[in-house]
Amino acid sequence: MNKVTLPEFPIKGGCQCGKIRYTLKAPPSMLYCCHCTQCQKQSSSAFGQSMRIRLVDIEVAGEMARCARQSASGNTLLYDFCSSCGTRLFHRREAYRTDVNLKPGSLDDTSWLIPAGHIWTGSKQPWVQIPAGDIAYESQPQDYSDLMARWRDMISP
């Protein structure tokens, strides 16, 4: 298992054009990679990353747009993005009231990002190799407790 050295919080990030900036005031509760086809399309890459944070720990400056769509697991997801450049910054299930997933590629410093695991590996690109020992789910996990526990172990000194 890889260990993660967290940066000193608060940390900053934003969209590509710079019209939206945010400050994350506390560490995330987990970080994982999603290999579903929707994340592949959204990221224009082989997978997307999601960093679970509490809404009270994020301050956003700038005007975002929002859209909603059904996820591969059947949940309604809300997507927040820059209305100018289109960079997606956050997404969450409609039912979530206290947490949101930050798209961590939008952080100013991404050098410390190591995922706790992988979801939707059943639709991953064939060339993507999941490291031995990593937590991996073929589809949507029933809950995220194992990923959260692994993340806690990864960030503990």
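As a reminder, the structure under discussion sits directly above these lines.
To start, this report covers the structure provided alongside it.

Parameters at a glance
- Residues numbered from 1 in each chain as written.
- Predicted model: local features only at pLDDT ≥ 70, side-chain atom pairs only at ≥ 80, totals over all residues.
- Heavy atoms only, no water.
- Salt bridge = Lys/Arg side-chain N within 4 Å of Asp/Glu carboxyl O.
- Buried < 20%, exposed > 50% of the residue type's maximum accessible area, 1.4 Å probe, protein only.
- Helix = DSSP H or I, 4+ residues; strand = E, 2+ residues; numbered from the N terminus.
- 1 Å grid on protein atoms, 1.4 Å probe; cavity = no way out; pocket = protein on both sides within 12 Å on 5 of 7 lines; lining within 4 Å.
- Points joined across faces, edges and corners; volume = space filled by probe spheres on them.
- Nonpolar A, V, L, I, M, F, W, Y, C, P; charged D, E, K, R; others polar.
- Pairing = 2+ DSSP bridges.
- Axes fitted to C-alpha atoms, helices over the stretch in contact; angles between N-to-C directions.
- Core = buried A, V, L, I, M, F, W, Y, C linked by side-chain atoms within 4.5 Å.
- Contact = heavy atoms within 4.5 Å.
- Phe/Tyr/Trp six-rings, centres within 6.5 Å; stacked < 30°, edge-to-face > 60°.
- Lys NZ or Arg CZ within 6 Å of the ring centre and 35° of its normal.

Moving on, we get to the pattern of salt bridges. Inspection of the entire model under this criterion finds 4 salt bridges. Between Arg54 and Asp57 there is a salt bridge, with its nearest N and O atoms 2.8 Å apart. For Arg54, a relative accessible area of 46% translates into the label partly exposed. With its nearest N and O atoms 2.7 Å apart, the salt bridge here joins Arg66 to Asp80. Taken together, the residues Arg66 in strand β6 (residues 64-70) and Asp80 in strand β7 (residues 76-82) connect sequence positions 14 residues apart. Owing to a relative accessible area of 48%, Arg66 belongs among the partly exposed residues under this scheme.

To continue, consider empty space enclosed by the protein. With the rule as written, the count across this model stands at 1 cavity of 30 Å³ or more. Size it by volume and the largest cavity reaches roughly 260 Å³. The set of elements that each furnish at least two residues to the lining of the largest cavity consists of β3 (30-34), α1 (37-43), β4 (48-54), β7 and β8 (88-93). Here the lining of the largest cavity gets 3 residues from one element, more than from any other, and that element is β8. The residue inventory of the lining of the largest cavity, partitioned by class, reads 11 nonpolar, 8 polar and 3 charged.

Further remarks concern the sheet that holds strand β2 (residues 21-24). Across the sheet, which stays open at both edges, the 3 strands sit in the order β1-β2-β5 with antiparallel pairing between neighbours. Bordering the open sheet on either side are β1 (11-14) and β5 (58-61), each of which pairs with just one other strand. Each neighbouring strand pair of the sheet contributes to a mean axis angle of 20°, computed without reference to strand direction. Strand direction decides the pairing type here: β1 and β2, joined by 4 bridges, are antiparallel. Residue pairing across strands places Lys12 opposite Thr23, the latter belonging to β2.

Moving on to the nonpolar core. What tends to happen in soluble globular proteins is that the nonpolar side chains get buried as a cluster. Ranked by size, the top nonpolar core spans 33 residues in total, and within it Met51 and Trp112 carry the most contacts. It is β3 that contributes the most residues to this core, 4 residues altogether. Apart from the residues lying within four places of it in its own chain, the contact partners of Met51 are Leu24, Pro28, Met30, Leu31, Val100, Asn101, Leu102, Pro104, Leu107, Trp112 and Leu113.

It is worth spelling out the packing of aromatic side chains at this point. What describes a pair of aromatic rings is the distance from one ring centre to the other and the angle between the planes of the rings. Applying the stated criterion across every chain yields a total of 3 aromatic pairs. Note on Tyr32 and Tyr144: the rings are 5.4 Å apart at their centroids and 35° apart in plane angle, and the pair reads as tilted. Here Tyr32, found in strand β3, pairs with Tyr144, found in the loop between β11 (135-136) and α2 (145-155); they are 112 residues apart in sequence, far enough to count as distant. Neither Tyr32 nor Tyr144 differs from the other in exposure class; each is buried. The ring of Tyr144 has Arg52 sitting right over it, with the charged end atom 4.9 Å from the ring centre.

Right, let's talk about the environment of Pro131 for a bit. Residue placement: Pro131 occurs in the loop between β10 (117-119) and β11. Expressed as a C-alpha distance, the spacing of Pro131 and His118, which sit 13 residues apart in the sequence, is 9.9 Å.

Take the sheet that holds β3 next. Each strand in a sheet pairs with its neighbour through backbone hydrogen bonds, running either in the same direction (parallel) or in the opposite one (antiparallel). The 8 strands lie next to each other as β6-β7-β8-β9-β4-β3-β10-β11, forming an open sheet whose pairing is mixed. One side of each edge strand has no neighbouring strand; the edge strands of this open sheet are β6 and β11. Here β7 pairs with β8 via 5 bridges, running antiparallel. Its bridge partner lying in β8, Leu77 is registered against Arg93. In this fold α2 packs onto β3, β10 and β11, with an angle of close to 125° to the strand it touches most, β3.

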